[in-house]
Amino acid sequence: MRNILCALCCLIASLCFAQEEGFNQDFGYRGDLFINNKEKALDEHYSDIRSICVLPHGKVLLASRYTLSAEYMGIKFAYSVLKLNQNGSIDSSFGLNGVKIITPVNGVSFNSMQVLQDGKIILAGGSFPNIVRLLPNGDLDSSFNSKALKNRGTVVTSDVQLHRLLVVDNNSYKVIGKQDFGGQGRFVTIRVNGNGEIDTTYGKSGFYKGIYVSGSITDFEVMDAVEHSNHYTTVMASRQGNDGKHAIFSMRIHRDGITDSTYGINGIQEYNQLPSLKLIKIISAANDKYYVLGKNLAQGDSSFIYKFHYNGSVDSTFGINGVHVLKAGNENINAFDIELTADSLLVVNGVADNTKAVLRVTSNGKQDVTFGLDGAIKLTTPGFGWSSI
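Source: prediction; values computed, not measured. (Residues numbered from 1 in each chain as written. Predicted model: local features only at pLDDT ≥ 70, side-chain atom pairs only at ≥ 80, totals over all residues. Heavy atoms only, no water.)

Novice: It is not clear to me how the environment of Asp199 should be interpreted in this structure. Could you clarify?
Specialist: By the secondary structure assignment, Asp199 is in the loop between strand S14 (184–193) and strand S15 (207–209). Assessed through its relative accessible area of 9%, Asp199 is described here as buried. Sequence-wise, Asp199 and Ser172 are 27 residues apart; in three dimensions their C-alpha atoms are separated by 8.5 Å. In this structure, Asp199 is in contact with Arg191, Val192, Asn193, Ser205 and Gly206, ignoring residues within four places of it in sequence. (Helix = DSSP H or I, 4+ residues; strand = E, 2+ residues; numbered from the N terminus. Buried < 20%, exposed > 50% of the residue type's maximum accessible area, 1.4 Å probe, protein only. Contact = heavy atoms within 4.5 Å.)

Here's what the structure looks like:
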């Protein structure tokens, strides 16, 4: 590792809002933190932040791709986890000078990061499925077999792409993904024990593989999933038909790794009444309900939040008939990410008329007028793009 302040500019702005005053002036420089200034680019640098976790004491973990100065076994990219103090400075007690570079293996890619109750960090993702666990200080956890998933190559192959990591408890995790075949797609769920080994009591030898979604589908993307209190899993995806329109649908997976046939029709819930919608993210809510952030492709940069009951029906008490359309003033929001705060407020980042914006929405589906201007704060800082909250 050459220098952790080099190359691509990544602004961590969504971490640093005071509830009443906008930017937290104590974070970074007047509320802004730039990591990697491309004007000072070296051979090694960060790129493409994939996940952000805010720890209970206010420190921050960032997971991103890392470009190497030289190829390693024919691979140019690694993966990095960077730890920041509450004020935005680098926590040098983590990894090597605040960063852990994960040795690259077969197209290494981690799409999801979670922090466990014991402070350990687990990452999963990639088209060559990867799962890695770090100790709280950034060292690799030698008690976790990160190769167990890869060693099941006859079952998990390169056509499986892992998208989401769910933590069941400190000793059990689920990774959710998709498997493509001839223009069709299906959900794949794998349960992993706390030692990294596949839990063979789940589904078929540790795997759940749903039916292929067939018909007019030309594009299938598993986007997100939520774990319920009874350890059933709801997976939701968007797909594109031959008519070019997107629609969303969901599937419920029993805690034992079989399709929950009591959900929807034979375990699948179709939302044909919600046309031209593309999914962005799902987050859990109280009482096993869940929020869905999506985009209305028929209306340009128009994004929305839906709230669903556990049974998959829309919660009509939220917003207007279960949906809140995101606005900054009169402008539509092209949303990128959503998180739920400890006091049940929804925070969304996105773009309004080419200007970055952060919005806050109440639990009943109204924009929080105590936040910014009518629930939105626009950012004028130039030269950066959003990644996640």
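Novice: Quick question: what am I supposed to make of the nonpolar core here?
Specialist: One recurring pattern in soluble globular proteins: nonpolar side chains tend to sit buried together. Core analysis: the largest hydrophobic core is formed by 19 residues, its most contacted members being Leu293, Ile305, Leu326, Ile333 and Leu346. Secondary-structure elements contributing two or more residues to this core are strand S20 (277–284), strand S21 (290–296), strand S26 (334–340), strand S27 (346–352) and strand S28 (355–361). Setting aside residues up to four positions removed in sequence, Leu326 forms contacts with Leu293, Ser303, Phe304, Ile305, Glu331, Asn332, Ile333, Ala335, Val348, Leu359, Val361 and Gln367. Membership of the second largest hydrophobic core comes to 15 residues, among which are Leu165, Val188, Ile190 and Ile198. (Core = buried A, V, L, I, M, F, W, Y, C linked by side-chain atoms within 4.5 Å.)

Novice: Quick question: what am I supposed to make of the environment of Ser51 here?
Specialist: Looking at the element boundaries, Ser51 is found in strand S5 (residues 45–54). Judged by its relative accessible area of 10%, Ser51 falls in the buried class. The spacing of Ser51 and Val81 is 30 residues in sequence and 9.4 Å in space, taken between C-alpha atoms.

Novice: Is there a simple way to explain the sheet that holds strand S11 (residues 130–134) in this structure?
Specialist: Hydrogen bonds along the backbone pair up the strands of a sheet, which may run parallel or antiparallel. If you walk across this open sheet you meet the three strands as S9-S10-S11, and the pairing is antiparallel. The outermost strands of the open sheet, each flanked by one partner alone, are strand S9 (112–115) and S11. In this sheet, adjacent strand axes meet at a mean angle of 15 degrees when their direction is disregarded. The sheet contact formed by strand S10 (residues 121–125) and S11 spans five bridges and is antiparallel. Each residue of the ladder has a partner; that of Ala124, found in S11, is Ile131. (Pairing = 2+ DSSP bridges. Axes fitted to C-alpha atoms, helices over the stretch in contact; angles between N-to-C directions.)

Novice: Looking at this model, I keep getting lost on the pattern of salt bridges. Mind explaining?
Specialist: Oppositely charged side chains can pair when the atoms bearing their charge come close. Inspection of the entire model under this criterion finds 12 salt bridges. As a salt-bridge pair, Asp91 and Lys59 come within 3.0 Å of each other at their nearest N and O atoms. Taken together, the positions of Asp91 in the loop between strand S7 (75–84) and strand S8 (99–102) and Lys59 in the loop between S5 and strand S6 (60–72) put the pair 32 residues apart, joining distant regions of the chain. Residues Lys281 and Asp337 are paired through a salt bridge, measuring 2.9 Å at the closest nitrogen-oxygen approach. Note that Lys281 is positioned in strand S20 and Asp337 in strand S26, a separation of 56 residues in sequence. As far as the burial class goes, Lys281 and Asp337 line up, both buried. Via salt bridges that share partners, Lys59, Lys83 and Asp91 belong to a single interconnected network. (Salt bridge = Lys/Arg side-chain N within 4 Å of Asp/Glu carboxyl O.)

Novice: Explain the packing of aromatic side chains here, please?
Specialist: Applying the stated rule across the entire model yields seven aromatic pairs. Considering the side-chain rings of Phe144 and Tyr173, the 6.3 Å spacing of their centres and the 55 degrees angle between planes classify their relative orientation as tilted. Note that Phe144 is positioned in the loop between S11 and strand S12 (160–169) and Tyr173 in strand S13 (residues 172–181), a separation of 29 residues in sequence. Taking relative accessible area as the criterion, Phe144 reaches 6% and is therefore assigned buried. For the ring pair Phe304 and Tyr306, a centre distance of 5.1 Å and an interplane angle of 80 degrees mean the geometry is edge-to-face. Site record: aromatic cluster; members linked through ring pairs are Tyr271, Tyr290, Phe304, Tyr306 and Phe308. (Phe/Tyr/Trp six-rings, centres within 6.5 Å; stacked < 30°, edge-to-face > 60°.)

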